[in-house]
Every structure is written in C-alpha cells, then in structure tokens.
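Survey of secondary and tertiary structure
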Amino acid sequence: MIEALRVLVKTFKDLWGEMFNLVLMNLATLALMALIVPGPPAWVALHAVCHRIANDYAIRWEHYFQAFRQHFWKAWLYAAASGVAIALIALNFWWYGATFGDQPWVQWVRGAWLAAGLFWAVVNFYIVPFYIEQTEKRWRIALRNALIIAGANPVFTLVLLAAGGLLMGIALFFTPLFVFLGPAMWTLLSTEAVVNRVNDWRKRMGMLEAPEGESPTRE
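1. Digging into the environment of leucine 114
- Residue position: leucine 114 is located in helix H6 (residues 106-133).
- Looking at leucine 114, the relative accessible area reads 57%, which means it is exposed.

This is the structure we're talking about:
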C-alpha cells in the first residue's frame, strides 16, 4: 500500500516535470491512434519515453520515433493478440447471458468471464512497461513478468489500477484533460509501477547476493 502511494506521488512529480513534452507526445499518440495503423507502435513509443522518465532520464522526440520504428511490427503483434483476447472475453460474457439468461448457473459463468476481464486488464497494465524494460524484447517474457508481479503484489496492483481508473474517469469527464494528458498519465503510472517493482527486486537480490546478471526482466 505504501509503495503504491509512492508510485502515485512519483508519477505526479514526473508528470509535472515533463509536462510540456508529455502533452505534445500524448497529442501525437492520440493522432496516430486515430489513424489506426500507426496506433500500436505509437502506444509502445509513449511507453518507451515514459520508461526514460521513470528512470530519471530526459526525453526527446528522437526517443519517441526511434521506439516507434523499432517496435512497429511487435507492437502490432501485441495489439492483435490483446484485441482477440478482449473480444473473446466480451463475446463470452454477452453470449452466456443472452443465451442462458434464465439459468441460475449463468451468473457464475459470467462472473468468471468478468474475472478474466479484470485479469487481462492487470496483464495489460504491466505488459508493455515490462516489454520496454527487458533487454530481450519478447512478449512471452513480458507476459510472464506481468503475471509474476501481479501475483506477488496484489494490493499494490489493485490500488494502482483503482487510482488509474479514477484518473482516467476524471480525465474523460474533463475531456480536454484526457486529450492533453490522458494516455500519458496511464502510461506513466504503469511504467512507474514496473520500475518500482523491478528496483525493489534488484535491492532484495543484492541483499541475497544473487548471481550476476540474474533478473526477472532482463533475459
């Protein structure tokens, strides 16, 4: 709980410190997402610059466009897989209710699909920041790390998801806020969370004298 609050404080601090660049990059990301084809790599590029911010590095447009070019096809691979998963969860949640709505067991099945939706939201909160964090850019490794961090830090994860959802709700209510900073706030929050957990892991492994080069995110 305390670490989640620290992540929130650092997110707002870093957001304020890089406000100018993040507003422009947020607008660029929304514009590219509206064009659909460049949307997924733009989303990954936004995570890449937020990763630099979370690690206290300066950001420039060259970092954004370098990540955009470098991860173009892998970003689309992730977007396609995530889209299919979301569609299947939504379809099954609707279908069981529409087809077997009068059966008492239906609510349990729909509840299970709702839980699957929450699970996938947690995975998506962590997976792109982990992908950027890793030396070897592979979605399978990022997925594994997202599951590990979510399972090991359930309260931390739920607090940040709730805070992120609240921030997005406020941003959507005040539409200009979402247009100027919405995606950037969400991206920076999730990235700060991953950097916080990775740094904590490294500190603990240092205390335990872990073998050199061993890390859950740098395979």
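2. Considering the side chain of asparagine 124
- Structurally, asparagine 124 can be placed in helix H6.
- Residue classification places asparagine 124 among the buried residues on the basis of a relative accessible area of 19%.
- Beyond its immediate chain neighbours, meaning those up to four positions away, asparagine 124 contacts Tyr78 and Ser82.

3. Re the packing of aromatic side chains
- A full pass over the atoms with the stated rule returns 15 aromatic pairs.
- Through a chain of ring-to-ring contacts, three or more aromatic side chains come together here, namely Trp95, Tyr96, Phe100 and Trp105.
- The ring of phenylalanine 156 carries arginine 197 above its face, with NZ or CZ at 4.7 Å from the centroid.

4. Examining a nonpolar patch on the surface
- On the surface, Phe20, Leu24, Leu27, Trp61, Phe65, Val179 and Phe180 cluster together into a nonpolar patch covering about 610 Å² of accessible area.
- Listed by contribution, the elements that provide at least two residues to the nonpolar patch are helix H2 (19-34), helix H4 (61-70) and helix H9 (175-207).
- For the nonpolar patch, the leading source of residues is H2, giving three residues.
- Residue placement: valine 179 occurs in helix H9.

5. Remarks on unusual backbone geometry
- For isoleucine 36, which is not glycine, the phi torsion reads 70° and is therefore positive.
- Relative to the helices and strands, isoleucine 36 resides in the loop between H2 and helix H3 (39-54).
- Located in the positive-phi region is aspartate 56, a residue other than glycine, with phi close to 65°.
- Residue position: aspartate 56 is located in the loop between H3 and H4.

6. Overview of the confidence of the model for the chain
- The share of residues in the chain with pLDDT of 70 or more is 94%, and the mean pLDDT across the chain is 90.
- Averaged pLDDT values over the elements of the chain bottom out at 90 in H9 and peak at 96 in H3.
- Scored below 50 in pLDDT, residues 207-219 makes 20 contacts in the model with residues more than four places away or belonging to other chains.

7. Considering the nonpolar core
- Among the nonpolar cores identified, the biggest contains 57 residues, and Leu22, Tyr64, Tyr126, Ile127 and Leu160 are the most heavily contacted of them.
- Top contributing element to this core by residue count: H6, with ten residues.
- Non-local contacts of isoleucine 127, meaning those with residues more than four positions away in its chain, are made with Tyr78, Trp139, Ala142, Leu143 and Ala146.

8. Regarding the environment of alanine 150
- When you line up the elements, alanine 150 lands in helix H7 (residues 139-152).
- Given the relative accessible area of 17%, alanine 150 is considered buried.
- Once the C-alpha coordinates of alanine 150 and phenylalanine 125 are considered, the two residues, 25 residues apart in sequence, prove to be 9.6 Å apart.
- Once you skip the residues sitting within four places of it in the chain, alanine 150 turns out to touch Val122, Tyr126 and Thr157.

Definitions and limits used
- Residues numbered from 1 in each chain as written.
- Predicted model: local features only at pLDDT ≥ 70, side-chain atom pairs only at ≥ 80, totals over all residues.
- Heavy atoms only, no water.
- Helix = DSSP H or I, 4+ residues; strand = E, 2+ residues; numbered from the N terminus.
- Buried < 20%, exposed > 50% of the residue type's maximum accessible area, 1.4 Å probe, protein only.
- Contact = heavy atoms within 4.5 Å.
- Phe/Tyr/Trp six-rings, centres within 6.5 Å; stacked < 30°, edge-to-face > 60°.
- Lys NZ or Arg CZ within 6 Å of the ring centre and 35° of its normal.
- Patch = residues over 30% accessible without salt bridge, like charges linked within 9 Å, V, L, I, M, F, W, Y side chains within 5 Å.
- Areas by Shrake-Rupley, 256 points an atom, 1.4 Å probe, with all protein chains shown as cover.
- Salt bridge = Lys/Arg side-chain N within 4 Å of Asp/Glu carboxyl O.
- pLDDT = per-residue confidence, 0-100.
- Core = buried A, V, L, I, M, F, W, Y, C linked by side-chain atoms within 4.5 Å.

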